[in-house]
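Residue-level structure breakdown
If you want the building blocks of each chain, they are given just below.
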Amino acid sequence: MRTGDRITTSIADVWRRDDDVLVYDVCHTTEVTLHSAQETVQASFVLSEVPLPTLVLMRRIRKVEREARIYFARDPDTRRVSTRVALVAGTPVTRMIGNFFLGLNKPKLTPTRLFGTDDEALIWLHAD
Amino acid sequence: MGLAGTRGLSNEMTDPRIQRVLSLLADIAAGNLDVRLEPSHEDDAIDATIVGLNMLAEELEASRKKLDARLGKTEELATIGQLAAGVAHEINNPLAYIVTNLEVVREQLEVLRRTSATAEIDDAITAIVEAKQGADRVRRIVRGLRAQGHSGDDRFGPVDLQSALRVAVSMLSNEIRHRGRLVEQFSETPKVRADELKLVQLLTNIVHNAAQALVEGQPGSEIRLVTRMSDDGAAIVEIVDNGRGIPDSARARLFEPFYTTKPAGEGTGLGLFVSRSIVRRLGGTIDVDSREGCGTTVRITLPAWSGAEPKSPTPPPDVGKVESGRVLVVDDDPLVGQALRRALSTDHEVVVARSGPAALEQIEQNDQFDVILCDVMMPGMNGPELFGELESRSPKLAERVVFITGGAFGPSAEAFIRRTELDVIEKPFDIRTLRAVVAARTGPKRE
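Everything numeric here is computed off the predicted structure, so don't read it as measured data. (Residues numbered from 1 in each chain as written. Chains lettered and ligands numbered in written order. Predicted model: local features only at pLDDT ≥ 70, side-chain atom pairs only at ≥ 80, totals over all residues. Heavy atoms only, no water.)

**What about the packing of helix 10 (residues 356–365) of chain B against helix 11 (residues 383–393) of chain B?**
All names here are of chain B. Packing of helix 10 against helix 11 brings their axes to within 10 Å, and their N-to-C directions diverge by 25°. Accordingly, the angle class assigned to the pair helix 10 and helix 11 is roughly parallel. Crossing of helix 10 over helix 11 shows right-handed handedness. The residues of helix 11 that touch helix 10, namely those facing Gly 356, Ala 359, Leu 360, Ile 363 and Glu 364, are Leu 386, Glu 389, Leu 390 and Arg 393. The residue inventory of the contact of helix 10 with helix 11, partitioned by class, reads five nonpolar, one polar and three charged. (Axes fitted to C-alpha atoms, helices over the stretch in contact; angles between N-to-C directions. Helix = DSSP H or I, 4+ residues; strand = E, 2+ residues; numbered from the N terminus. Parallel < 35°, antiparallel > 145°, perpendicular 65-115°, else oblique. Left-handed = near helix turned anticlockwise from the far one by under 90°. Contact = heavy atoms within 4.5 Å. Nonpolar A, V, L, I, M, F, W, Y, C, P; charged D, E, K, R; others polar.)

The structure is reproduced here in structure tokens:
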């Protein structure tokens, strides 16, 4: 569903901020599947014709399917959408998922980092 | 740490989830990787540990499945290799007596022609020459098959690159013919330092890839085989196809094991990986130039053979009149024995034994043999075992052994053949080579 410049998928709200940062707010689920990951990334193509710095608010995610992690780490779709990705993990479980994703799934196509707050993440996303 | 911290720790230690975490860890340690735990809704350190262990088990399980699949594929390839070597051995034996008998018949027809030349005799000789060409093609294919099954240690020697290429192409002639034409551009190249079977295996892999890259039915499709010498004296072979080419995304991963761009079931993903490891063992280099839609060039550079020519059982073709000698042939295939008797009995007395013990029996009766032509693979006592027995009984007689082999050795026989300094003749043998090897031991005709 698209309202103005905000898209709602089965797992997240996606929008483009005024400072040209793409935001994935994963607020509709605690579990990310491959299907929902693809649906969300592909839905966001309409928000920009060029890749943008991307902020991912992990909220209360408790599980990300292995296939979904591999998709985020290696699929060229992610490069079409994002120039760099900041993961914001505010809970022990999301920090574990984020660290695991960076350490074992090793996203290769887009620089990706893990942060504890939105502010820290945005500073990095805006840095040259 | 204050009291509160101690209490927190104590609470965590008594948390019933701890027991579940420990149980999950025990499962993972025991290799039960399909077990998962559902985290609670606390979203605390224990839940994070559970989520982390779940993901770890998931990754380990995926890796194990991948490894199992690769192991299965490797075992399958090893089995195919052993089968190929076995088939090669089974073909080489009958091929040996087919080729030998054809040559004997040709010689007898030549003698007849000298006394009564007729068109029928000429036709028969032509037919035999053509049959021998067919047999030679089978020999090359079998040699290629043996190369695919060859996994033993390297036997380095000087190898003719162009001959090795022709053997590789013989294996693939059907596949190439239906996809495009083959062009040979051979310039003079030095012999290379290589294990011949490994070199054939390498070239077969590359030519096979080239054939598969050609687009079926596309006019002008071709594979060009180029050999030349580099400025520093190394040998270069280029296999050039004008087929599909390799996509940019695949180029960096070409030499990775189990990586393939071919459709499922067509490629093992091991061809280029194995090829590069062979080239490295030979001290050479392999480069791939490719443009998607235009074709691919694989360039292999190999160092030239710099040592002396090894002792070869191949003598000058015409050995002239030879001193008559006594030859013992030991081969479990009676038709090989018969063919050898036929080929050698014009000049020598030939005794045929069908096993190691039968040979020892013959030797006990009369050990005056100039040459012992001995098969390697025989049931019961094999060639190397017979040789060992001879060494202990009569070392001088043991020195007169010449091994004949169709391949497919067991590990011990293979190791023996690799280190022996005795002559080894490969089946199917050339009749002139065989006669010359025998003549070298009986000597020229004393007038």
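**So, the sheet that holds strand 11 (residues 401–405) of chain B**
Residues and elements named next belong to chain B. If you trace the five strands from one edge of the open sheet to the other, you get 9-8-10-11-12, paired in parallel fashion. The sheet is open, and its two edges are formed by strand 9 (349–353) and strand 12 (424–426), each paired on a single side. When strand polarity is set aside, the average angle formed by the axes of neighbouring strands in this sheet is 20°. Bridge analysis of strand 10 (residues 371–375) against strand 11 gives four bridges, and the strand direction is parallel. Its bridge partner lying in strand 11, Cys 374 is registered against Phe 403. Docked against the sheet, helix 11 engages strand 8 (326–330), strand 10 and strand 11, running at close to 170° with respect to strand 11. Across the sheet, helix 14 (residues 431–442) lies against strand 8, strand 10, strand 11 and strand 12, angled at about 140° from strand 10, the strand it touches most. (Pairing = 2+ DSSP bridges.)

**What about the packing of aromatic side chains?**
All names here are of chain A. Inspection of the entire model under this criterion finds five aromatic pairs over all chains. Arranged with centres 5.7 Å apart and planes meeting at 40°, the rings of Phe 115 and Trp 124 form a pair that is tilted. A relative accessible area of 13% places Trp 124 in the buried class. The residue whose ring lies beneath Arg 80 is Phe 45, and the NZ or CZ to ring-centre distance is 4.0 Å. One residue, Arg 84, lies across the ring of Trp 124, its end atom 4.6 Å from the ring centre. (Phe/Tyr/Trp six-rings, centres within 6.5 Å; stacked < 30°, edge-to-face > 60°. Buried < 20%, exposed > 50% of the residue type's maximum accessible area, 1.4 Å probe, protein only. Lys NZ or Arg CZ within 6 Å of the ring centre and 35° of its normal.)

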